[in-house]
Amino acid sequence: MASTVIGAGITIEGEITSDEDVVVQGTFRGKLVAKDAVTIEQGAMVEADIASGPVAISGGVTGNILSTDRVDLQTGARVIGNVKATRITIADGAQFKGNVDMDV
């Protein structure tokens, strides 16, 4: 399966709509909508609302997250915003400030 990758040295501002997986290694500000999975890798910074399938975060996110599946906050994740998903996991070492709504 193809993926859209925002590389470590790249900063993007605006709106991204994707029919495939999105991997953020750099900086993104705006709005991110993906039909498939979104991965925010360690060292990445996202200031955006995210709407997608499963979301895996080990970097930083400021914004609301709406997932049709699950949200995984992995070790090192820093999330400020509300999460709406059917399932959420928060690993040891992850930081989260916001509300969780599991009634999707």
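Here, the structure is the one placed above.
Residues numbered from 1 in each chain as written. Predicted model: local features only at pLDDT ≥ 70, side-chain atom pairs only at ≥ 80, totals over all residues. Heavy atoms only, no water.

### Considering the pairing of strand β3 (residues 21-24)
- Burial along β3 is two-sided: Asp-21 and Val-23 and Val-22 and Val-24, pointing in opposite directions, are all buried.
- Examined bridge by bridge, strand β1 (residues 3-6) and β3 share four bridges and lie parallel to one another. Of the residues in β3, the one forming a bridge with Val-5 is Val-23.
- With three bridges connecting them, β3 and strand β5 (residues 38-40) associate as parallel partners. Looking at the pairing, Val-23 lines up with Thr-39 of β5. (Buried < 20%, exposed > 50% of the residue type's maximum accessible area, 1.4 Å probe, protein only. Helix = DSSP H or I, 4+ residues; strand = E, 2+ residues; numbered from the N terminus. Pairing = 2+ DSSP bridges.)

### Quick notes on the sheet that holds β1
- In spatial order, the strands read β1-β3-β5-β7-β10-β13; together these six strands make up an open sheet with parallel pairing. Edge positions in the sheet fall to β1 and β13 (87-90), since each has one partner strand and no second. Neighbour to neighbour, the strand axes of the sheet diverge by 10 degrees on average, direction disregarded.
- With three bridges connecting them, strand β7 (residues 55-57) and strand β10 (residues 70-73) associate as parallel partners. Counted as the bridge partner of Ile-57 is Leu-73 from β10. (Axes fitted to C-alpha atoms, helices over the stretch in contact; angles between N-to-C directions.)

### So, the nonpolar core
- One finds Val-38, Ile-40, Val-46, Ile-50, Ile-57, Val-61 and Ile-65 to be the most contacted residues of the largest nonpolar core, which totals 24 residues.
- Within the residue set of this core, elements represented by two or more residues are β3, β4 (27-34), β5, β6 (45-52), β7 and β10.
- In contact with Val-61, other than residues within four places in its own chain, are Ile-40, Met-45, Val-46, Ala-48, Ile-50, Arg-78, Val-79 and Ile-80. (Core = buried A, V, L, I, M, F, W, Y, C linked by side-chain atoms within 4.5 Å. Contact = heavy atoms within 4.5 Å.)

### Overview of the side chain of Ser-52
- Mapped onto the elements of the fold, Ser-52 is located in strand β6.
- Look at Ser-52 and you get buried, because its relative accessible area is 5%.
- Dropping the residues within four chain positions of it, Ser-52 is found in contact with Ala-34, Asp-36, Val-38, Leu-66, Ser-67 and Thr-68.

### Some thoughts on the pattern of salt bridges
- This structure, assessed with the given rule, holds five salt bridges.
- Across the pair Asp-69 and Arg-87 runs a salt bridge, and its minimum N-O distance is 2.8 Å. Placement of the pair is Asp-69 in the loop between β9 (65-67) and β10 and Arg-87 in strand β13, with a sequence separation of 18 residues.
- Since its relative accessible area comes to 24%, Asp-69 is described here as partly exposed.
- One continuous salt-bridge network, built from bridges that share partners, spans Glu-13, Arg-29 and Glu-47. (Salt bridge = Lys/Arg side-chain N within 4 Å of Asp/Glu carboxyl O.)

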